[in-house]
Each structure stands twice: as C-alpha cells, then as structure tokens.
Amino acid sequence: MSKIIESEKVLEKKLVKWIKEARGKCIKLSSQFNTGLPDRMIMLPKGHIFYCELKSTGKKPTKMQEILHNEIRSLGFRVYVVDSTEGLSEMLKAELLQNEKI
C-alpha cells in the first residue's frame, strides 16, 4: 500500500483549523534575519507553547532548520517536524494531553 503524499499547505490548513478548535493560536513564523525558524508557534490555554515545522510528505528539514530547531529544544521547548495528517494527529494528541496536566 502506498503512502498518501500531502503538501505542506494542506497540512498547514489542517493544523490551523485543529488548533483554533482547541481554543489556541497558531502563529506563522518568518524572519529574513533568522532562517530556519519552525513554520508555526502554537499556543494553547494555560501558557502551553510548542513549535511545528511542516513538510510535504517525505521531505526533511534543511540543515539550518535542524540547527535552529535544536537551539529551541535546548531552551526547553518542543519542536515537531510533521509530514502527514497522522503525524499532526499524534503531535496534537501528545500536546493536548500535556496541556491537561498543566
């Protein structure tokens, strides 16, 4: 069985919709001075923040993205790299469970 190829744009629309339904904010990040930022900063109720890098199915982060993602992780934040609806669902389940514990 072949894997469904999903574009970054399709995944981004799903993510924004799901976070809105969870009463959160899904902020698009971009900077001409800081290449490698994750695509989205996600904020849920109770001060819960994490980051998501969206990729088309099978694509990987660039070296610069990996470096900056690791720097963000070293500060104690979670950064996910997601390339499928299944991956989005797993990330959101984990983060919503974490948010309930706060």
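This structure is a prediction, so every number in the text was calculated from the model and none was measured. (Residues numbered from 1 in each chain as written. Predicted model: local features only at pLDDT ≥ 70, side-chain atom pairs only at ≥ 80, totals over all residues. Heavy atoms only, no water.)

Peer 1: How would you sum up the nonpolar core? Please name residues and give values.
Peer 2: Grouped together as the largest cluster of nonpolar side chains are 13 residues, with contacts concentrated most on L15, I19, I42, C52, L54, L88 and M91. Secondary-structure elements contributing two or more residues to this core are helix 1 (8–21), strand 2 (40–44), strand 3 (48–54) and helix 3 (85–101). The contacts of C52, once residues within four sequence positions are left out, are L15, P38, D39, R40, I42, Y80, V82 and M91. The next biggest cluster of nonpolar side chains, apart from the first, holds 5 residues, and it includes M41, Y51, I72 and V79. (Core = buried A, V, L, I, M, F, W, Y, C linked by side-chain atoms within 4.5 Å. Buried < 20%, exposed > 50% of the residue type's maximum accessible area, 1.4 Å probe, protein only. Helix = DSSP H or I, 4+ residues; strand = E, 2+ residues; numbered from the N terminus. Contact = heavy atoms within 4.5 Å.)

Peer 1: Can you break down the confidence of the model for the protein residue by residue, with the values?
Peer 2: Per-residue confidence for the protein gives a mean pLDDT of 92, with 96% of residues at or over 70. Of all the helices and strands in the protein, helix 3 carries the lowest mean pLDDT, 88, while strand 4 (residues 79–82) carries the highest, 98. (pLDDT = per-residue confidence, 0-100.)

Peer 1: Account for the sheet that holds strand 2, naming residues and giving values.
Peer 2: Judged by pairing direction, the sheet is mixed, and its 4 strands sit side by side in the order 1-2-3-4 without closing on themselves. The open sheet has two free edges, formed respectively by strand 1 (25–28) and strand 4, since each of these has just one partner strand. Between one strand axis and the next, the sheet turns by 25 degrees as a mean value, whatever way the strands run. As paired elements, strand 1 and strand 2 share 4 bridges and run antiparallel to each other. Looking across to strand 2, one finds that I27 is bridged to M41. (Pairing = 2+ DSSP bridges. Axes fitted to C-alpha atoms, helices over the stretch in contact; angles between N-to-C directions.)

Peer 1: If you had to explain unusual backbone geometry to someone new, which residues and values would you point to?
Peer 2: With a phi angle near 65 degrees, R23 is a residue other than glycine that sits in the positive phi range. The exposure class of R23 is exposed, given its relative accessible area of 68%. Here K46, not a glycine, exhibits a phi torsion of approximately 75 degrees, which is positive. Judged by its relative accessible area of 54%, K46 is exposed.

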